[in-house]
Each structure stands twice: as C-alpha cells, then as structure tokens.
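# Results of the structural survey
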Amino acid sequence: QLLEDHFHIHLVFSGDSLSFNGSSGMEISGSDTNIITACELYYSESSTLVLTRASNNTVSDNRVGSSAHNGILLKILSGGNRLIGNVIYSNDRSGIVLSSSPNNIVANNLAISNARSAVQISSSDSNMIVQNEFRGGDSGVWISGTSQNNVISKNNILSPVLNFIHNTSGQP
C-alpha cells in the first residue's frame, strides 16, 4: 500500500510474510515515515529487517527471527524510529541493534533466545529502551562505543547467560 504526501512516498507493510530473501530480509534505506506492522520476517543470511538512514518509521507487532545476524538493525543515523510490540527471536547475534542511530524508542518488545543480546546499543545516543521483556542470550542490553544518554527502564530481563546490562561505553 502506498500513501502519497507532498511528493514523498510512504510505504505501509501490513500482514506480509517474508522468508529467506538472500542478504537482508527487508531493507529500507533513506526513506522516512514508513510503517511495518503485523509482518512475519524470518530466515535471512544477514539481518532480517534493516533501516539505514531511515527516520520516523514505525515497526510494530511483527515477528522477526532466525537470521544469521541480527533481527532488527537500525544503522547510520536512523533516528526517531519506534520499535513497539515486536517478537524478536532466535537470531545468531542480537535481537535489536541500534548502531550510530539516536533518539529511537524500543518499547513493549519480547526478545527470546538471541545469541548475543536482546538489544545492542553501539555509538548511539538518547534512545529509550523501556518495558520490554528479554529472555536468554548473553546479555539483556549491551552498550558499546560512544553511546550516552540512553534510558533503560522497566525492562524484565530473564535468565541472561552473562549480564543483565553489559556496558563497555565508558558512560554510566
């Protein structure tokens, strides 16, 4: 479904199923204000859902899993996005990665059995990680690089292998 708004095209994905689509399952690059909701995204050779230089998007109520890398990856200045109510499971690295991506909201997600961490924040500032449930994996939340001013609050972190929160950023 396409919505036109002052010469911008906004994509709405709803109720779609996408599996084993080569490198990334779904990639949105340089596009803003898209909605990805109620989709099944799984089995990719890289990260399953990738947003690159993509801002103010909503990713909600999806099932994302079984990738060789990360479930959801926001990278290179992907800011102001909302990841809400997703189930992210069984990825070989992390469930959700915020890499050089500020001001995102990660809320009410369920991350299960992601090998490295449920959420990884790498050189990303001012993100909110709130009211999620994380089960299994090495760490609940892994913070690295120059990350600062991130809010991690009211998450339920169950049975991580090593750390509830692993912070190598040098910031409190």
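Rules and cut-offs
Residues numbered from 1 in each chain as written. Predicted model: local features only at pLDDT ≥ 70, side-chain atom pairs only at ≥ 80, totals over all residues. Heavy atoms only, no water. Helix = DSSP H or I, 4+ residues; strand = E, 2+ residues; numbered from the N terminus. Buried < 20%, exposed > 50% of the residue type's maximum accessible area, 1.4 Å probe, protein only. Pairing = 2+ DSSP bridges. Axes fitted to C-alpha atoms, helices over the stretch in contact; angles between N-to-C directions.

### What about unusual backbone geometry?
If you check the backbone angles, Q131 has positive phi at about 55° while not being a glycine. You can see Q131 is positioned in the loop between β17 (128-130) and β18 (133-135). With relative accessibility at 44%, the residue Q131 sits in the partly exposed group. Positive phi, close to 60°, is recorded for N149, a residue that is not glycine. Relative to the assigned elements, N149 resides in the loop between β19 (139-144) and β20 (151-153). Residue classification places N149 among the exposed residues on the basis of a relative accessible area of 59%.

### Structural notes on the sheet that holds strand β16 (residues 117-122)
Strand pairing within a sheet occurs via backbone hydrogen bonds; the two strands may be parallel or antiparallel. With respect to topology, seven strands assemble into an open sheet ordered β4-β7-β10-β13-β16-β19-β22, the strand pairing being parallel. In this open sheet, the two strands that pair with only one neighbour each are β4 (26-29) and β22 (163-167). Recorded for the sheet is a direction-independent mean angle of 10° between the axes of neighbouring strands. By the bridge criterion, four bridges tie strand β7 (residues 49-52) to strand β10 (residues 72-75) in an arrangement that is parallel. Counterpart to T52 in the pairing with β10 is K75.

### What about the environment of M26?
Looking at the secondary structure, you find M26 in strand β4. Its relative accessible area of 9% is what places M26 among the buried residues. Each C-alpha atom of the pair M26 and S47 lies 8.5 Å from the other, and the pair is 21 residues apart in sequence.

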